[in-house]
Amino acid sequence: DAMVIQNPRYQVTQFGKPVTLSCSQTLNHNVMYWYQQKSSQAPKLLFHYYDKDFNNEADTPDNFQSRRPNTSFCFLDIRSPGLGDAAMYLCATSRDVGGGETQYFGPGTRLLVL
Amino acid sequence: GQNIDQPTEMTATEGAIVQINCTYQTSGFNGLFWYQQHAGEAPTFLSYNVLDGLEEKGRFSSFLSRSKGYSYLLLKELQMKDSASYLCAVRDGDYKLSFGAGTTVTVRA
């Protein structure tokens, strides 16, 4: 089945220690997104790639970076995690942008910062 | 900024109907989505509305009134597996979805 895959499902890191979260997709979609979702809150878009073009949301902290080495993979790098960065990180894809293009989500990686 | 409001919690009985309302104030409008999210899992797509009116998909229906900035998701013949959070999301441009905080629906036997 075509899908969006995130590994690991749970990630524990230490305060200030860089961490990378991974996302891959078999849908061959052009667009990949990273969202942050804190407990009982709405998912918040951090950035997205349209093909190789990177688009950062204005309020995304500099501490968050992303890489998309090819169509299938996208990474979220947190350079110096703080306690406030503990959250569920959701990767999503869409075939294109605009209109009724649906975003399909992966299962998420829950990040714990000690 | 974007403002999307939905009730925090709703409880209903198995077999009943529940209506989840969503009101929005956004700088633009390019469609409204409803997602279902079970605890600890990813949101899954339920419905999309861009024109006024009712979209029906099996037990789930979604309604939109653009002039009122209002949508609802109707869940019929509730089943225990429908216990989840339901997220309303508005696309205000080409790509960005702004989500509400979600409505947690609890279905009781």
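Described below are features of the structure shown in this document. On a predicted model such as this, the values are computed, not experimentally measured, just so you know.

Digging into the overall build of chain B
Here's step 1: Looking only at helices and strands, one finds zero helices and eleven strands in chain B.
Here's step 2: For chain B, the succession of helices and strands along the chain, N to C, is β-β-β-β-β-β-β-β-β-β-β.
Here's step 3: Since a compact globule built from 109 residues should have a radius of gyration of about 13 Å, the 13 Å found for chain B is in line with a globular shape.
Here's step 4: For chain B, the C-alpha atoms occupy an extent of roughly 40 × 30 × 20 Å along the three principal directions.
Here's step 5: Within chain B, the fraction of its 109 residues that count as buried is 46%.

A word on the nonpolar core
Here's step 1: Grouped together as the largest cluster of nonpolar side chains are 20 residues, with contacts concentrated most on Ile 20, Leu 32, Trp 34, Leu 73, Leu 75 and Tyr 86 of chain B.
Here's step 2: Contributions of two or more residues to this core are made by strand E3 (18–25), strand E4 (32–37), strand E7 (60–65), strand E8 (70–75), strand E9 (84–91) and strand E11 (103–108) of chain B.
Here's step 3: Excluding residues that lie within four positions of it along the chain, Leu 73 of chain B makes contacts with Val 18, Gln 19, Ile 20, Trp 34, Leu 46, Ser 47, Ser 61, Ser 62 and Tyr 86 of chain B.
Here's step 4: Of all hydrophobic cores here, the second largest spans 18 residues; its members include Trp 34, Leu 46, Tyr 49 and Ile 78 of chain A.

A few points about the sheet that holds E7 of chain B
Backbone-to-backbone hydrogen bonds join strands into a sheet, with any given pair of strands oriented parallel or antiparallel.
Residue and element names in this part refer to chain B.
Here's step 1: Taken together, five strands build an open sheet; the order of strands is E1-E3-E8-E7-E6 and the sheet is antiparallel. Both outer strands of the open sheet, strand E1 (3–5) and strand E6 (53–57), are each paired with one neighbouring strand and no more. Looking at each pair of strands side by side, their axes are set apart by 15 degrees on average, direction ignored.
Here's step 2: Pairing of E6 with E7 involves five bridges; the strand directions are antiparallel. Paired with Glu 55 across the bridge in E7 is Ser 62.

Focus: the layout of surface pockets
Here's step 1: The computed volume of the largest pocket comes to approximately 490 Å³.
Here's step 2: Gln 37, Ser 40 and Gln 41 of chain A together with Gln 37 and Ser 85 of chain B are the residues nearest the centre of the largest pocket, which is lined by 23 residues in total.
Here's step 3: Listed by contribution, the elements that provide at least two residues to the lining of the largest pocket are E1 and E9 of chain B.
Here's step 4: The element contributing the most residues to the lining of the largest pocket is E9 of chain B, with three residues.

Digging into the pattern of salt bridges
Here's step 1: One pass over the structure, following the stated rule, counts seven salt bridges over all chains.
Here's step 2: Residue Arg 67 of chain A pairs with Asp 77 of chain A through a salt bridge whose shortest N-O separation is 2.7 Å. Taken together, the residues Arg 67 of chain A in strand E7 (residues 64–67) and Asp 77 of chain A in strand E8 (residues 73–78) connect sequence positions ten residues apart.
Here's step 3: Judged by its relative accessible area of 40%, Arg 67 of chain A is partly exposed.
Here's step 4: On the basis of relative accessible area, Asp 77 of chain A is assigned to the buried category, the value being 14%.
Here's step 5: Among the salt bridges present, the one from Lys 76 of chain B reaches Glu 56 of chain B, with a minimum N-O distance of 3.6 Å. Remark: Glu 56 of chain B occurs in strand E6 and Lys 76 of chain B occurs in the loop between E8 and E9; sequence separation between them is 20 residues.

Analysis parameters
Each chain has its residues counted from 1, running along the sequence as written. Whichever chain is written first becomes A and whichever ligand is written first becomes 1, with later ones labelled in order. Since the coordinates come from a predicted model, pLDDT governs what is reported: local features require at least 70, and pairs of side-chain atoms require 80 or more to be given and counted, while whole-chain, interface and lining totals use all residues. Hydrogens and waters are ignored; side-chain quantities use all the structure's heavy atoms. Starting at the N terminus, helices and strands are each numbered in turn, a helix being any DSSP run of H or I of at least four residues and a strand any DSSP run of E of at least two. Throughout, radius of gyration means the C-alpha value; the globule benchmark is 2.2 Å times the number of residues raised to the power 0.38. Each residue gets one of three labels from its accessible area relative to the maximum for its type: buried under 20%, exposed over 50%, partly exposed in between, using a 1.4 Å probe on protein chains only. By nonpolar core we mean a set of buried residues, namely Ala, Val, Leu, Ile, Met, Phe, Trp, Tyr and Cys, connected to one another through side-chain atoms within 4.5 Å. What makes two residues a contact is simply this: any of their non-hydrogen atoms within 4.5 Å. Between any two strands, pairing holds if DSSP finds at least two bridges. Geometry is summarised by axes, namely lines fitted to C-alpha atoms with helices restricted to the contacting stretch, and by angles between N-to-C directions that run from 0 to 180 degrees. Points on a 1 Å grid over protein atoms alone make up a cavity when a 1.4 Å probe fits among them but cannot get out, and a pocket when they form an open set with protein on both sides within 12 Å along at least five of seven lines; lining residues each have an atom within 4 Å of a point. Grid points are joined across faces, edges and corners, and a volume is the space filled by probe spheres set on the points. One side-chain nitrogen of Lys or Arg within 4 Å of one carboxyl oxygen of Asp or Glu is enough to make a salt bridge.

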